[in-house]
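Residue-level structure breakdown
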Amino acid sequence: MEITAVINRINSFLWGVPLLVLLLGGGVYLSIKLRFKQIHIIKIMKKTVFTLFKKESSKSSSLSQFQTFSTALAATVGTGSVVGVGECIRIGGVGSVFWMWVSAFFGMGLAYCENYLGVRYSEGKLCGAAAYLEKIGRTRLTAVLFALFTVGASLGMGNMVQTGSAAAAAREGFGIPSYIFALIVLIFVFLVAVGKNSAARLCEKLVPIMAILFIGGSLGVIIFHPCKAAGAVTLIIKNAFCPSACLTGSAAGTIIFSMVEGLKRGAFSNEAGLGSTVAVHSSCEIKSPELQGTWAMAEVFIDTFVICTLTAIVIIISGTDLTGEDMAVRAYVATLGEGGKYFMSLSLILFALATVAGWFFIGERAWRYLFPRSSMTYRLMALVCGCMGTMWSMEFVWGVSDIFNGLMAVPNVIGVLVLWRRGRFSEERSKSEE
């Protein structure tokens with residue numbers, strides 16, 4: 001318990017106001033410089049959707065645009081994008097969802113710039129954000145530290161946390177014992193680790209299935225309760241600015257408390273500013289910084305404005321107790337009946353496994369940056385962590401993983417801001433704005 005308490009204190013400090021100010025302030029600054037490009041994201045997506053199915057080469061080491069998009073989205077949209085929304089409402093109140101939207105809106109600016117830089121400076125190397133972090137000093141120390149933090153986050157948040165959540169969903173929804181599910185995870189991670197770009201190929205197949213299942217089921221609930229859905233959106237906006245914002249949840253606090261919780265959960269969910277998806281986009285065969293930056297913005301949009309918003313609306317529509325745990329699961333059971341339990345269990349399993357595959361790709365690239373000739377070591381660690389995650393208590397793993405995520409964000413956001421102010425890609429930026 002003492003170790004867990006220390007971990008929680010470190011997290012409270014790391015993910016406190018300073019880091020949130022860095023993420024939000026960096027997002028605001030970069031959004032202004034981009035002339036709020038994210039406002040037009042739907043229009044831009046319509047214009048560039050054909051690129052998802054475009055192939056430029058047959059290089060085995062490069063990903064197609066659809067594989068890139070699927071892998072980055074899989075890493076971004078995990079079980080936290082569903083269950084985490086319930087926790088956000090429980091702790092910060094209904095109004096905190098609005099501040100998740102704010103976090104995502106400005107996070108889209110961060111996501112664009114970090115992935116723009118990743119492609120711009122990758123120079124054929126598959127090292128992600130480390131490629132541009134090398135440019136901000138005379139040594140590789142910042143890049144090396146970032147890669148180390150990424151490996152830790154990939155094995156923790158991207159692996160053990162997800163397999164633990166999947167095992168719990170399989171046990172509660174389908175009665176599958178943890179030791180049986182551990183074998184399923186072992187086989188899945190083995191398939192992810194075997195061969196070149198196996199993780200991306202699995203994401204390419206898993207992501208459309210999980211998206212159609214979850215979005216379709218959520219929209220079904222909303223379509224049958226249109227007035228309640230409209231009222232839910234109104235309630236979110238009203239409580240974001242009302243002094244009673246936190247009274248709809250279990251916390252007795254202020255608007256500031258609701259705001260901080262929403263911003264924090266938004267950053268956790270969409271991962272903008274962490275530099276996590278840069279390794280994926282810089283591995284795409286289409287070497288266009290503007291295009292990869294655009295699809296990175298789209299991933300943040302889908303994670304928060306689609307997945308998280310649908311979950312929040314269903315929770316409010318369901319009329320479930322907003323002070324209890326497992327809020328999202330209870331909400332879907334309340335609205336879909338007994339089938340809601342199976343729907344949520346299957347959705348969470350798919351979200352978790354897709355995230356394992358997406359983060360494996362990211363973690364392996366970071367490991368190869370540190371140790372170019374020993375990728376087999378990382379694959380073995382991923383296998384072991386995947387099995388351990390199905391058996392272990394997640395409180396400690398969650399805490400350590402959050403620390404690694406925060407440690408990724410600090411050098412990454414500072415690096416992006418420094419390179420932007422130096423005007424490293426002002427010429428390309430002006431072209432993209434024309």
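Preceding this section is the structure that the text describes.
None of these values were measured; they are calculated from a predicted model.

Thoughts on the packing of helix α3 (residues 41–48) against helix α14 (residues 289–318)
Running from N to C, α3 and α14 cross one another at 125 degrees; their axes reach a closest spacing of 10 Å. Between α3 and α14, the angle falls in the class oblique. Note on packing geometry: the crossing formed by α3 with α14 is left-handed. Along the contact surface, α3 presents Ile41, Ile42, Ile44, Met45 and Thr48, while α14 presents Leu291, Thr294, Trp295, Met297, Ala298 and Phe301. Partitioning the contact of α3 with α14 into residue classes produces 9 nonpolar, 2 polar and no charged.

Points about the nonpolar core
If you look at the biggest cluster of nonpolar residues, it comprises 136 residues, and the most contacted ones within it are Ile89 and Tyr132. Per-element tally for this core: the top contributor is helix α16 (residues 339–370), with 19 residues. Sequence-distant contacts of tyrosine 132, that is, excluding residues within four places in its chain, are made with Glu114, Leu117, Gly118, Tyr121, Val278, Asn412, Val416 and Leu419.

What about the packing of aromatic side chains?
Scanning all chains against the criterion turns up 17 aromatic pairs. On the basis of an interplanar angle of 40 degrees and a centroid distance of 6.0 Å, the ring pair of tyrosine 112 and tyrosine 116 is categorised as tilted. Of this pair, tyrosine 112 and tyrosine 116 both sit in helix α6 (residues 96–121), separated by 4 residues, roughly a single helical turn. With relative accessibility at 1%, the residue tyrosine 112 sits in the buried group. Clustering of aromatic rings is evident, with ring pairs tying together Phe98, Trp99, Trp101 and Phe241. When the ring centre of tyrosine 121 is taken as origin, the NZ or CZ atom of arginine 120, which lies over that ring, is 5.2 Å away. Positioned over the ring face of phenylalanine 361 is arginine 365, at 4.0 Å from the centre of the ring.

A word on the packing of helix α8 (residues 141–174) against α16
At their nearest, the axes of α8 and α16 sit 8 Å apart, and the two run at 160 degrees to each other. Accordingly, the angle class assigned to the pair α8 and α16 is roughly antiparallel. Where α8 crosses over α16, the two elements pack in a sense that is left-handed. For the contact of α8 with α16, the residue count by class is 22 nonpolar, 10 polar and 2 charged.

Concerning the state of the cysteines
Enumeration according to the criterion identifies 0 disulfides in this entry. No disulfide involves cysteine 113; its sulfur sits 19 Å from that of cysteine 284, the nearest cysteine.

Remarks on the pattern of salt bridges
Side chains that differ in charge, positive against negative, can pair when their charged atoms come close. With the rule as written, the count across this model stands at 5 salt bridges. When the shortest N-O distance is used, the salt bridge between glutamate 364 and arginine 365 registers 3.5 Å. For glutamate 364, a relative accessible area of 5% translates into the label buried. Taking the relative accessible area as the measure of exposure, arginine 365 reaches 3% and is therefore buried. In this structure, a network of salt bridges that share partners links the residues Glu364, Arg365 and Arg379.

Structural notes on unusual backbone geometry
Its identity is not glycine, yet phenylalanine 36 carries a phi of approximately 50 degrees, on the positive side. Within the secondary structure layout, phenylalanine 36 lies in the loop between α2 (17–33) and α3. Overall, the relative accessible area of 28% leaves phenylalanine 36 in the partly exposed class.

Here we look at α8
Taking 1.5 Å of rise per residue, the 34 residues of α8 would be expected to cover 50 Å, and the 47 Å separating its terminal C-alpha atoms lies within 8% of that figure. The principal kink in α8, of about 35 degrees, is found at alanine 153. For α8, the tally of buried residues reaches 24 of 34 residues, placing the bulk of the element in the interior. Two residues or fewer after α8 comes glycine 175, characterised by a positive phi angle close to 70 degrees.

Considering helix α12 (residues 255–270)
With 16 residues, α12 should reach 22 Å at 1.5 Å per residue; the first-to-last C-alpha distance of 22 Å fits that figure. Of the positions making up α12, those classed as buried are Ser258, Glu261, Gly262, Leu263, Arg265, Gly266, Ala267, Ser269 and Asn270. Of the surrounding elements, those touching the buried residues of α12 are α2, α4 (65–76), α5 (83–92), α6 and α14. Within two residues after α12, glutamate 271 carries a phi angle of roughly 60 degrees, on the positive side.

The rules behind the values
- Residues numbered from 1 in each chain as written.
- Predicted model: local features only at pLDDT ≥ 70, side-chain atom pairs only at ≥ 80, totals over all residues.
- Heavy atoms only, no water.
- Axes fitted to C-alpha atoms, helices over the stretch in contact; angles between N-to-C directions.
- Helix = DSSP H or I, 4+ residues; strand = E, 2+ residues; numbered from the N terminus.
- Parallel < 35°, antiparallel > 145°, perpendicular 65-115°, else oblique.
- Left-handed = near helix turned anticlockwise from the far one by under 90°.
- Contact = heavy atoms within 4.5 Å.
- Nonpolar A, V, L, I, M, F, W, Y, C, P; charged D, E, K, R; others polar.
- Core = buried A, V, L, I, M, F, W, Y, C linked by side-chain atoms within 4.5 Å.
- Buried < 20%, exposed > 50% of the residue type's maximum accessible area, 1.4 Å probe, protein only.
- Phe/Tyr/Trp six-rings, centres within 6.5 Å; stacked < 30°, edge-to-face > 60°.
- Lys NZ or Arg CZ within 6 Å of the ring centre and 35° of its normal.
- Disulfide = S-S within 2.5 Å.
- Salt bridge = Lys/Arg side-chain N within 4 Å of Asp/Glu carboxyl O.
- Expected span 1.5 Å × (residues − 1).
- Bend = angle between axes of the 7 residues up to and from the residue.

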